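Summary of structural features
One letter stands for each residue in the lines below.
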Amino acid sequence: MPVVEDWVSGWVVSRGASDPVARPWGWTVDVGQPAQVARHVVVDANEARVREAAAQARGEGWWLKVFPPEPCEAPQARVGAWLGPEWVSDEAAFLMSLELAPVAPGALPSGYALRVWTRGDVVRALVTAPDGALAARGQMGVAGEVAVADQILTAPAHRRRGLGSVVMRALQRQALASGATRAVLGATAQGRALYESLGWRTRTAFVSLRRAAGPTET
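The present account deals with the structure reproduced in this document. Keep in mind it's a predicted model, so treat the numbers as computed, not measured. Note that residues are indexed from 1 along each chain, following the sequence as it is written. With the structure being a predicted model, the display of local features is reserved for residues of pLDDT at least 70 and the display and counting of side-chain atom pairs for 80 or more, all residues being used for whole-chain, interface and lining totals. Think of the side-chain values as coming from all heavy atoms in the structure, minus any hydrogens and water.

Once that is clear, we can look at a nonpolar patch on the surface. A surface patch of nonpolar side chains, amounting to about 190 Å² of accessible area, comprises L108, L114 and V116. Its place among the elements puts L114 in strand β7 (residues 113-119). Remark: exposure states derive from per-residue accessible area (1.4 Å probe, protein chains only) relative to the maximum for the residue type, with buried under 20%, exposed over 50%, and partly exposed in between. The class of L114 is partly exposed, set by a relative accessible area of 33%. Any residue with relative accessible area above 30% and no salt bridge may belong to a patch, with like charges joined within 9 Å and the nonpolar Val, Leu, Ile, Met, Phe, Trp and Tyr side chains within 5 Å. Areas reported here follow the Shrake-Rupley algorithm with a probe of radius 1.4 Å; residue values treat only the protein chains shown as occluding. Think of a salt bridge as a Lys or Arg side-chain nitrogen and an Asp or Glu carboxyl oxygen that are within 4 Å of each other. We count a stretch as a helix when DSSP gives it H or I for four or more residues in a row; a strand needs E for two or more, and each element gets its number in order from the N terminus.

What follows is the structure in structure tokens.
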């Protein structure tokens, strides 16, 4: 799916990760974080392709992002059956896309403030509460015509006030001004409803798995 390539290209910008390295089954990205050393992105996933990628992710802190060859809602069980117990699956995630267009800014509750800035090719939005605490935030990595929304967060004490919508609208507006024409994101099941309310389209589910321990010696 071209939308997966879009997602990878903008995600590495957002996270300051390495350029994706092409593999027979997808791409490898070095991340360099304690909880995520690197990730393999597997596209058109079948058992052989997933097993091959997993065999090249032998250390703790490696992740697989696995995309089935056709849109589906729940690939976790299928993919989990192909791998051993050292691989731990995350919650369901959904790849979503949006054609960027001018959008009105979101309305903030009284006392809240929004700040938006761009550093390099990363756009960031921050909403602070009346007492100055972080209420919501998010960012987008812009890679040419594609922008990838990432690390969207609303603090628990400030949820159900429309702040996520404010952040997304601010990011979309700035990404469009930066030259992007389309946007992609990976959403949790909880976040999916918010994005759909803002016009994002669900393209497919995917599964994230992490190597929790090294392979068992035999």
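Next, the rest of the story.
Here we take up the pattern of salt bridges. Close approach of charged atoms lets side chains of opposite charge pair. Enumeration over the complete set of coordinates arrives at seven salt bridges. The partner of R182 in a salt bridge is D6, with the nearest N and O atoms 2.7 Å apart. Placement of the pair is R182 in strand β11 (residues 182-188) and D6 in helix α1 (residues 2-15), with a sequence separation of 176 residues. You can call R182 partly exposed: its relative accessible area is 25%. Assessed through its relative accessible area of 14%, D6 is described here as buried. Linked through salt bridges whose partners overlap, the residues forming this network are D6, E145 and R182.

Turning next to the side chain of T204. Tracing the chain through its elements places T204 in strand β12 (residues 201-211). Take T204: its relative accessible area is 1%, and that puts it in the buried class. Apart from the residues lying within four places of it in its own chain, the contact partners of T204 are M1, F67, P68, E70, P71, C72, A93, F94 and L95. We call two residues in contact whenever any of their non-hydrogen atoms come within 4.5 Å of each other.

Attention shifts here to the side chain of T28. Looking at where T28 falls in the secondary structure, it is placed in strand β2 (residues 26-33). There is a polar contact of 2.8 Å between the side chain of T28 and the side chain of H40. If sequence neighbours within four positions are ignored, T28 has contacts with D19, P20, V21, R23, R39, H40 and W62. Here a polar contact means two N or O atoms within 3.5 Å. Within protein one must be a hydrogen donor candidate and the other an acceptor candidate, and residues neighboring in sequence count only if both atoms are side-chain atoms.

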